[in-house]
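Summary of structural features
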Amino acid sequence: MKILKLKNLKYSYGNCEVLSDISYNFFPGELVGILGANGCGKSTLLKVIMGFLEKEKGEIFLDNLEAERLSRKEFAKRISFIAQKSNQNLNFTVLEVLKLGRVPHMKNSFKGLNLEDDKIVDGVVKKLNLQNYLNRDIKSLSGGEFQRVLLGRAFIQHSEVILLDEPTSALDINYSLEFLELLKEEIRIKKMIGIIVIHDINLASLFCDKILFIKDGKIATSGKPKEVIKKEWLEKIYNFTPKILNLENDIYVLPKRGEK
Ligand SMILES: Nc1ncnc2c1ncn2[C@@H]1O[C@H](COP(=O)(O)OP(=O)(O)OP(=O)(O)O)[C@@H](O)[C@H]1O
Ligand SMILES: [Mg+2]
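None of these values were measured; they are calculated from a predicted model. (Residues numbered from 1 in each chain as written. Chains lettered and ligands numbered in written order. Predicted model: local features only at pLDDT ≥ 70, side-chain atom pairs only at ≥ 80, totals over all residues.)

1. What to know about the sheet that holds strand β3 (residues 31-35)
The cut-off we apply is this: Strands qualify as paired when DSSP identifies two bridges or more between them. Helix numbers and strand numbers start at the N terminus; a helix is a DSSP run of H or I with at least 4 residues, a strand a run of E with at least 2. Structural elements are reduced to axes, namely lines fitted to C-alpha atoms, with helices fitted over the stretch in contact, and the angle between N-to-C directions of any two is expressed from 0 to 180 degrees. Our contact criterion uses C-beta atoms placed from the backbone: two residues qualify when those atoms are within 7 Å.
Taking strand neighbours across the sheet as the criterion, the 6 strands line up as β6-β7-β8-β3-β9-β10 in an open arrangement whose pairing is mixed. In this open sheet, the two edge strands, each paired with only one partner strand, are β6 (79-82) and β10 (218-223). Within the sheet, the average angular offset between the axes of one strand and its neighbour, ignoring direction, is 15°. As judged from the 5 bridges shared by strand β7 (residues 161-165) and strand β8 (residues 193-197), these two strands associate in the parallel manner. When the bridges of β8 are listed, leucine 164 appears paired with isoleucine 196. Of the strands in this sheet, β3, β6, β7, β8 and β9 (210-215) touch helix α1 (residues 42-50), which is tilted by about 150° from β7. Across the sheet, helix α9 (residues 231-238) is in contact with β9 and β10; its angle to β9 comes to roughly 35°.

2. Brief notes about helix α6 (residues 173-190)
Selection rule: Multiplying 1.5 Å by the residue count of a helix minus one yields the expected span of that helix. Think of it as a crowd count around each C-beta: if 20 or more other C-beta atoms lie within 10 Å the residue is buried, if 12 or fewer it is exposed, and in between it is partly exposed, with C-beta placed from the backbone throughout. Regarding the arc, it is the one traced by the directions from the helix axis to the C-beta atoms.
Across its 18 residues, α6 extends 26 Å between first and last C-alpha, which sits within 8% of the 26 Å expected from 1.5 Å per residue. Every buried residue of α6 is accounted for by Ser176, Phe179, Leu180, Leu183, Glu186 and Ile187. For α6, the angular spread of buried residues about the axis comes to 130°, placing them on one side. Those residues of α6 that are exposed and aimed more than 90 degrees away from the buried face are Ile173, Asn174, Glu181, Glu185 and Ile189. Two residues or fewer after α6 comes lysine 191, characterised by a positive phi angle close to 55°.

3. Some details on the packing of helix α4 (residues 115-127) against helix α5 (residues 143-156)
Heads up, the condition is: For a crossing to be left-handed, the near helix must be turned anticlockwise from the far one by less than a right angle; the clockwise case is right-handed. Ten residue types, Ala, Val, Leu, Ile, Met, Phe, Trp, Tyr, Cys and Pro, are classed as nonpolar, four, Asp, Glu, Lys and Arg, as charged, and the remainder, Gly among them, as polar.
The contact between α4 and α5 brings their axes to 9 Å, and the two run at 140°. You can see that α4 and α5 cross each other, and the crossing is right-handed. Across from Ile120, Val121 and Val124 in α4, the residues of α5 making contact are Gly152, Phe155 and Ile156. Grouping the constituent residues of the contact of α4 with α5 by class yields 5 nonpolar, 1 polar and no charged.

4. Some details on the site of ligand 1
Note the cut-off: Residues are counted as near a molecule or strand when the C-beta atom, derived from backbone positions, lies within 6 Å of that molecule or strand.
Inspection of the region around ligand 1 gives Tyr13, Val18, Gly36, Asn38, Gly39, Cys40, Gly41, Lys42, Ser43, Thr44 and Gln84 as its neighbouring residues. In terms of residue count, the dominant contributor to the shell around ligand 1 is α1 (3 residues). Broken down by class, the residue content of the shell around ligand 1 amounts to 3 nonpolar, 7 polar and 1 charged.

5. Section: α1
For α1, every residue scored as buried is listed here: Lys42, Thr44, Leu45, Leu46, Val48 and Ile49. Just downstream of α1 lies glycine 51, where phi reads positive at about 80°.

6. Brief notes about the sheet that holds strand β2 (residues 16-26)
Pairing is antiparallel in the open sheet, where 4 strands are placed in the order β2-β1-β4-β5. Each of the sheet's edge strands pairs with one partner strand only, and the pair in question is β2 and β5 (65-66). Two strands pair when backbone bridges link them, and strand β1 (residues 4-13) and strand β4 (residues 57-62) are joined in this way by 5 bridges, in the antiparallel orientation. Bridge pairing in β4 places leucine 6 opposite isoleucine 60. In the packing of α1 onto the sheet, contacts are made with β1, β2 and β4, and the angle to β2 comes to roughly 65°.

7. Brief notes about the nonpolar core
When a protein is soluble and globular, its nonpolar side chains tend to lie buried together. Note the following rule: To count as a nonpolar core, a set of buried Ala, Val, Leu, Ile, Met, Phe, Trp, Tyr and Cys residues must be joined through C-beta atoms within 7 Å.
Ile34, Leu98, Val124, Leu151, Val161, Leu163 and Ile211 are the most contacted members of the largest nonpolar core, which totals 63 residues. With 6 residues, the top contributor of residues to this core is α5. Discounting chain neighbours no more than four positions away, the residues touching isoleucine 34 are Lys42, Leu45, Ile195, Ile196, Val197, Leu212 and Ile214.

8. Considering the pairing of β6
The two faces of a sheet get side chains in turn, since along a regular strand they alternate between them. Of the two faces of β6, both are covered, the one formed by Ile79 and Phe81 as well as the one formed by Ser80 and Ile82. Where β6 and β7 come together, 4 bridges link them in parallel fashion. Each residue of the ladder has a partner; that of serine 80, found in β7, is isoleucine 162.

9. Comments concerning the pairing of β1
Bridge count between β1 and β2: 7 bridges; the pairing is antiparallel. Paired with leucine 4 across the strands is phenylalanine 26, a residue of β2. Connecting β1 to the next strand, β2, in antiparallel fashion are 2 residues, including glycine 14 with a positive phi near 60°.

Dropping the structure here:
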């Protein structure tokens, strides 16, 4: 079984330590939510996994291969990434952005995409209902539409791991639910490893198989949503007193008025 394994990861910006001793195993078919207060190190962790930031200590293994030994192309075949802030101000059409997802798989970059690539792009376009957007400039899309295109590009990349940094933070509740349902289904069907940074505790409890709470660059606790989305942990992580309603199988977290 393919596992993404983080072992004792450490990272500092200058002499300011932001991640210390992060160890965790991610399994296929699971979506893991990374939660924690602003500035606790969530985006830094994803950037270290992506190799955008060079880890100070520790190891990252994918399927028993050390990630840093993979070429950029091999790495891109295995791991896709949707950043917290993606540049929408580029002169590309939706179709061009989607096709970029096949670049790591291209055997001959002069020949462009082959029939098999086109079939993969077509399948994802239908799945995400993007047929009517293909010739639109990405600049002209709404925030929600743009996020759906980025998800499409990641699906087209056919990677084993998908990392997402707050992909739903600018989306309304319908777009958020649709986005997370599509993501969850793809992860389940393709047995991908999914890692999502998300602030909404209710959405995390609905969609994530596991939750990893980060505080001050360390894993404070991890487990299934029902095991860790608890008053005592939320108090420790966010320093606020929640009111948790357990309605049937769902968990709703509300701030308790007048208390902090
Ligand atoms: N390039 C940088 N140089 C110096 N410090 C940085 C840099 N990028 C981030 N930091 C600091 O590192 C800490 C962690 O930042 P990070 O972006 O990982 O937080 P986060 O958990 O993703 O927060 P948010 O929920 O606000 O997105 C913060 O204190 C931030 O100010
Ligand atoms: Mg962040």
